[in-house]
Amino acid sequence: MTIKDVVHFIDTTQQPAIINFWATWCTPCVHELSYFENEIKAVAGNSVKVILISVDYADDYPKTIAKFVQQHGYNATIWWLNETNAADFCPKIDRSWNGNIPATLMVNPITKYRKFYNRQLTAPQVPLAVQEMLNKPH
């Protein structure tokens, strides 16, 4: 997957989507992934597409990433970003992205909602962020 593919998905998705950038070696990322798996389903059911984009090193693709996903039982769509130049790909997601992970983009094409989180979200923040994206009262 290239950044061009990711941007194309963001620009053409017909349903609300959460695009999270993470890596298997990133402890805050691993914590946040479990929040996404549990909290998003509770708030949105299947109405939100969740894409977890691994920025792991090329040596870890696909074996290490696949093993990690299987061990944790993640159900979201997993992509591996085949990009190494963060200075090039980060601004294509959001101009404020400094390259740190985890980072999350939430989009809702129905309401033209777009919000970027350049940090880890906590378990209580995830459902609130999803509700905001879906334009539901908290």
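One can find the structure itself at the top, above this paragraph.
The rules behind these values
- Residues numbered from 1 in each chain as written.
- Predicted model: local features only at pLDDT ≥ 70, side-chain atom pairs only at ≥ 80, totals over all residues.
- Heavy atoms only, no water.
- Salt bridge = Lys/Arg side-chain N within 4 Å of Asp/Glu carboxyl O.
- Helix = DSSP H or I, 4+ residues; strand = E, 2+ residues; numbered from the N terminus.
- Buried < 20%, exposed > 50% of the residue type's maximum accessible area, 1.4 Å probe, protein only.

1. Details of the pattern of salt bridges
In step 1: A full pass over the atoms with the stated rule returns 2 salt bridges.
In step 2: In this structure, Asp88 and Lys92 form a salt bridge, with 3.0 Å as the shortest nitrogen-oxygen distance. Of this pair, Asp88 and Lys92 are both found in helix α4 (residues 86-93), 4 residues apart, which corresponds to roughly one turn of the helix.
In step 3: Note on Asp88: relative accessible area 34%, which makes it partly exposed.
In step 4: The partly exposed category is assigned to Lys92, whose relative accessible area is 42%.

2. Some details on unusual backbone geometry
In step 1: Geometrically, the link from Tyr61 to Pro62 is a cis peptide bond, its omega value of 0° lying close to zero.
In step 2: Going from Ile101 to Pro102, the amide bond is cis rather than trans, its omega being 0°.
In step 3: Note that Pro102 resides in the loop between α4 and β4 (103-108).
In step 4: Unusually for a residue other than glycine, Lys112 sits at a positive phi of about 65°.
In step 5: Residue placement: Lys112 occurs in the loop between β4 and β5 (113-117).
In step 6: We classify Lys112 as exposed; its relative accessible area is 71%.

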